[in-house]
Amino acid sequence: MSASDSSPGPDLATLLPGTLDCVHCGLCLSSCPTYLETGRETSSPRGRVYLMRGLAEGKIPLAGVLAEEAHLCLGCRACETACPSGVPYGALLEQTRAAVERAGLRPTWARRLERLALRGIVPRPRRLAALMTLLAFAQRLRLDRLARPFLPKRLRDAHALLPLVPPASQRRRLPAFTKAEGERRGKVVFFEGCIMPELFGGVNRATLRVLVQQGFDVLVPEAQGCCGALQAHSGDLETAHELARANLGALDPGDVQAIIVNSAGCGAALREMDHWLGDEASRVASRVRDVCEFLDEAGLRGALLPVPGRVAYDDPCHLVHAQGVSAAPRHLLQAIPELELVDHDDPSSCCGAAGTYNLTQPEMSQAVLARKLDSLEPVDPDMIATGNPGCLMQLRAGAEGRGMRAEILHPIELIARALPPSPPS
Amino acid sequence: MATLPLSSSGAPGASLEDELRQAVGAEQVLTRPEDLFVYEADGLTHHTARPRAVVLPRDKTDVVQIVKRCRAHGVPFVPRGAGTGLSGGAIALDDGVIIECARLDRILRIAPEDRFAVVQPGVINADLSKAVAHHGLFYAPDPSSQQACTLGGNVAENSGGPHTLKYGTTTNHVLALEMVLPDGQLVQLGSPTGSAGGYDLVGAVVGSEGTLGIVTELTVRLSPRPERTETMLGIFPDVVSACRAVGAIIRSGLVPAALEIVDRRTIEAVEASVYAAGLPTDAGAVLIIELDGPAVAVGRQVERCQDHCREAGASEVPVARDEAERQRFWRARKGAFGAMGRLAPDLYVHDAVVPRQKLPEILEKICEIGDRYRLRLSNVFHAGDGNLHPNISFDRRDPDEMERVLAAGEEILRTCVEAGGVITGEHGVGTEKKEYMGLLFSEADLDAMRKLRAAFDPDRMCNPGKMFPATRFCAEANPKARGYDQVPFG
Ligand SMILES: Cc1cc2nc3c(=O)[nH]c(=O)nc-3n(C[C@H](O)[C@H](O)[C@H](O)COP(=O)(O)OP(=O)(O)OC[C@H]3O[C@@H](n4cnc5c(N)ncnc54)[C@H](O)[C@@H]3O)c2cc1C
Ligand code: SF4
Ligand code: SF4
């Protein structure tokens, strides 16, 4: 690496204004999982912002501690909701990671793996579907388990997280249009996501079912694609921007009330599309709503059936910290008869999934997950609800590892369970 | 990175850093330049000094080892908690080593019947109250930074908080301490039952700003949660009338749990932040009043406080409708400092105490000083204690502004001292105010303090360069400056 790679390029100067918002008060420290784990100022939000400012002011290089910290950071943005000064941490992190990527400062294996996955597969529905078919096949024949011992450690970790790929019949995309049931209350676009239909088709179908039952026409534009969040988090802003631009047209058919998302990570990225693409994206960005947020705003109509059980709701970081949604899912769950919402400590702290973090930083990811499970375990819930695919996988793997009996679900699945059966069409 | 000086007194050839790595594990010793860069400041950003290394002990034996190695190499050391201190106390001068206690974060024992808890110094203040809540108890000192600051830091600074008015500062809540003295000895001071006989060394260590040793365990008092708590907002047209209400409430014999004033500029900043609580942005000042105690009594006191506020000119005195709203008020109050960060890159949080009856007049003077130096100054403070926090928003990169900030700060302190006040209420002296100690203490007063320090740390190895003025000659030192002859404290 040449010296110029680590000197702040002209675009790094754009880091400065955001870092200047930090008055070094430290109120964010205790919200930061990596600080709580290490006790190191360098691994705290305040320390990272200080490093970024140091970089922008030419006081420290990008290579070394800052590059490492940019990736040890979970990107959970808990520091943003703790910061009274409004430091735009998420945006600063994204720019720093992009700089790390441009300077080629990450370990090659991590870059290769992410490039392959995030450029070559995830945003390409056909390839992703083909891979899932292959995986489903391997899982059915247990070939994957046979292969496990021969996999490199990191892939083994990844394998442990992967849920059983559902059969092909459940991995179909949703119909382009579904008509509202009963009295029509409006029309929405539903954003399916890329991983969701493959691994969490059930959640998508539940979402569609609830929206339609609640009186909304649902459009699922075929041209929609991956939101770009994972790419941006890994430092590949170029691909992220490309994907966002493609979605801009696809998600904006004109006269819909809202663009509904059920994956917190995707929702955050779509909501902040205008940060990437400027004002042209604000029309789309401003209409993005998390499914629970939308339903809570609209109000659930009709009686719900009981879903007996004790439920712990765990906030996905990109819902509570990036989108500011925390009351809505709880409201909806509380509306379900015989469902008891139980409290656990720190529901808004990260579970350690953080996009591809559990693959690239397995140790810290496990430590953060352990804290989460420590708070959930004593409550012994029947169900744990959380609205993000990464968190669903992480918590499932974690709970299974500890022998917890809780079923891990998306809140919309619980709402779908509480709906009366559809009228015969 | 500059090559590190090898010590003459350590093992031949082994650097202090190597010895530390060996003693506590390489992972626990940070020495890369960028690691050290982030430790160059605490909450006071314009005083910086880079440590030579940062060490993270995992238990008290680690602390003993670290202290012994540093001593052997003649290298000073500085304990650090969360680094939220506002007087430069946690930075390492003289190329010292920072002993970062944040990971000593275990609550060791809770004794609900005897109402005390034994904790490690890195436990976060708010976490202790959370952990004992189910026993109906809480830890009373509640600095606004309580969500982040550590109990070790609280002890060192004798921190207060909004509820100091009724419950006192940290010193009223520490029963016993275990600490590593600057010579590496582990000692126990005080006892969980309170008085232990002998000198009150716990009292000496509380507020010693990390200059007497490193606290490794604290036994603190837990207080029973009051039966009823009510919080209300007096909405005032200006700060001066809010101060009048404070005077009237105190004179009437009421002892509220908290009396906090937030001025207009602060309200605006808070309401624009994540801590927004619906405070009226068109008010000149808001007085937050909290009353707690037996349910019947509190009910009556609420009405009396409301009356006092109305008489002093409050347009409205709404009471928090529920616990959630009450928490929002406090989050807003406690996020206030940080929220000021929205106005400029840096914030200088001043801290001085004046006799309560002089609050209105001093506040006017302080605002005048701010205006005269063309600074953005706001006030949010513990009015019940007369503990002022004039906040100045500035940009440390602008040398001219920096100079005006410092000049204004000095004038503010002098004004407070002349009015019979003191130079710090709760943030400590640190590096920030050491040269102002002479405003308040005579050379003989300071010598008495130096002797105490020398009894613990004759070689000044533990947090050197703090609290005591570098220059011995202080022409102005004079008890009259403290107003002992005119104004009774309290
Ligand atoms: C937003 C904000 C609000 C604040 N509000 C208040 C308030 O309401 N009231 C108030 O009193 N203060 C307040 N403060 C100041 C600060 O939070 C307190 O001084 C706090 O006690 C510092 O704790 P810390 O863990 O951050 O300590 P640090 O800043 O890390 O250290 C402070 C001092 O403690 C010493 N120290 C730390 N650990 C130990 C140990 N184990 N043994 C011996 N010495 C040790 C250090 O050497 C240093 O001298 C506020 C600060 C901020 C940023
Ligand atoms: S995003 Fe999460 S891990 Fe990163 S600094 Fe903020 S709180 Fe810490
Ligand atoms: S809370 Fe905000 S202003 Fe305070 S240190 Fe953290 S990032 Fe900086």
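Keep in mind it's a predicted model, so treat the numbers as computed, not measured. (Residues numbered from 1 in each chain as written. Chains lettered and ligands numbered in written order. Predicted model: local features only at pLDDT ≥ 70, side-chain atom pairs only at ≥ 80, totals over all residues. Heavy atoms only, no water.)

Draft legend 1. Examining the site of ligand 3 more closely. Neighbouring ligand 3 are Cys22, Val23, His24, Cys25, Gly26, Cys28, Arg46, Cys83, Pro84, Ser85 and Val87 of chain A. In terms of residue class, the shell around ligand 3 is made up of seven nonpolar, three polar and one charged. (Near = heavy atom within 4 Å. Nonpolar A, V, L, I, M, F, W, Y, C, P; charged D, E, K, R; others polar.)

Draft legend 2. Spatial organisation of the site of ligand 2. Residues and elements named next belong to chain A. The environment of ligand 2 is formed by 13 residues, the closest being Cys32, Cys73, Cys76, Arg77 and Cys79. Secondary structure elements with two or more residues in the shell around ligand 2: helix 3 (33–38), helix 4 (45–56) and helix 6 (78–82). In terms of residue class, the shell around ligand 2 is built from nine nonpolar, two polar and two charged. (Helix = DSSP H or I, 4+ residues; strand = E, 2+ residues; numbered from the N terminus.)

Draft legend 3. Expanded view of the domain arrangement of chain B. Residues and elements named next belong to chain B. In terms of domain boundaries, chain B breaks down into domain 1 (16–100), domain 2 (107–224), domain 3 (228–338), domain 4 (344–418) and domain 5 (434–481). Placing a centre on the C-alpha atoms of domain 1 and another on those of domain 5 gives a separation of 24 Å. Every contact between the two is made by 14 residues of domain 1 and, on the other side, seven residues of domain 5. Taking both partners together, domain 1 and domain 5 bury about 770 Å²; carbon and sulfur atoms supply 60% of that area. When the buried surface of domain 1 facing domain 5 is broken down by residue, Arg71, Phe77 and Leu93 rank first, second and third, together holding 52% of it. Where domain 1 touches domain 5, the interface holds one salt bridge. The salt bridge involving Arg71 is made with Asp459; its shortest N-O contact spans 2.6 Å. The interface formed by domain 1 and domain 5 holds seven residue pairs in polar contact (both at pLDDT 80 or more) in total. By residue class, the composition of the side of domain 1 that touches domain 5 is nine nonpolar, three polar and two charged. (Domains from an automatic or database assignment. Contact = heavy atoms within 4.5 Å. Buried area = accessible area lost by both parts, 1.4 Å probe. Salt bridge = Lys/Arg side-chain N within 4 Å of Asp/Glu carboxyl O. Polar contact = N/O pair within 3.5 Å; in protein donor to acceptor, adjacent residues only side chain to side chain.)

Draft legend 4. The packing of aromatic side chains, seen in detail. Inspection of every chain in the model, using the stated rule, returns three aromatic pairs over all chains. Summarising the aromatic geometry, the rings of Tyr50 of chain A and Phe37 of chain B are spaced 5.0 Å apart at their centres and angled 40° between planes, so their arrangement reads as tilted. Here Tyr50 of chain A is found in helix 4, whereas its partner Phe37 of chain B is found in helix 2 (residues 33–37) on a different chain. Owing to a relative accessible area of 8%, Tyr50 of chain A belongs among the buried residues under this scheme. The interplanar angle of 85° and the centroid separation of 5.6 Å between the aromatic rings of Phe138 of chain B and Tyr167 of chain B together place this pair among those described as edge-to-face. With Phe138 of chain B in strand 7 (residues 137–138) and Tyr167 of chain B in helix 6 (residues 164–167), the pair connects residues that are 29 residues apart, well separated along the chain. Here the two residues Phe138 of chain B and Tyr167 of chain B agree in accessibility, since each one is buried. Positioned above the aromatic ring of Phe337 of chain B, the side-chain terminus of Arg333 of chain B is 6.0 Å from the ring centre. (Phe/Tyr/Trp six-rings, centres within 6.5 Å; stacked < 30°, edge-to-face > 60°. Buried < 20%, exposed > 50% of the residue type's maximum accessible area, 1.4 Å probe, protein only. Lys NZ or Arg CZ within 6 Å of the ring centre and 35° of its normal.)

Draft legend 5. Expanded view of the interface of chain B and chain A. Facing 43 residues of chain B, the contacting portion of chain A comprises 41 residues. Between chain B and chain A, the buried area comes to about 3,200 Å², and carbon and sulfur atoms account for 55% of it. Of all residues in chain B, the largest losses of buried area upon contact with chain A belong to Glu34, Phe37 and Val38 of chain B, amounting jointly to 20% of the total for that side. Counting across the interface, chain B meets chain A through three salt bridges. Across the pair Asp346 of chain A and Lys130 of chain B runs a salt bridge whose closest N-O atoms are separated by 3.8 Å. If you look at where chain B meets chain A, you find 13 residue pairs in polar contact (both at pLDDT 80 or more). Among the elements of the structure, helix 2, helix 12 (336–339) and strand 15 (346–349) of chain B are those that each provide at least two residues to the side of chain B that touches chain A. With three residues, helix 2 of chain B is the largest single contributor of residues to the side of chain B that touches chain A.

Draft legend 6. Representation of the pattern of salt bridges in the model. In this structure the tally under the stated criterion is 56 salt bridges over all chains. With a shortest N-O distance of 2.8 Å, Glu80 of chain A and Arg77 of chain A are connected by a salt bridge. Sharing partners across several salt bridges, the network here consists of Glu41 and Arg46 of chain A together with Arg80 and Glu100 of chain B.

Draft legend 7. Region of interest: the environment of Leu181 of chain B. Residue and element names in this part refer to chain B. Here Leu181 is to be found in the loop between strand 8 (174–180) and strand 9 (186–190). When its relative accessible area of 15% is taken as the criterion, Leu181 is described as buried. In contact with Leu181, not counting residues within four places along its chain, are Val67, Val187, Leu212 and Phe456.

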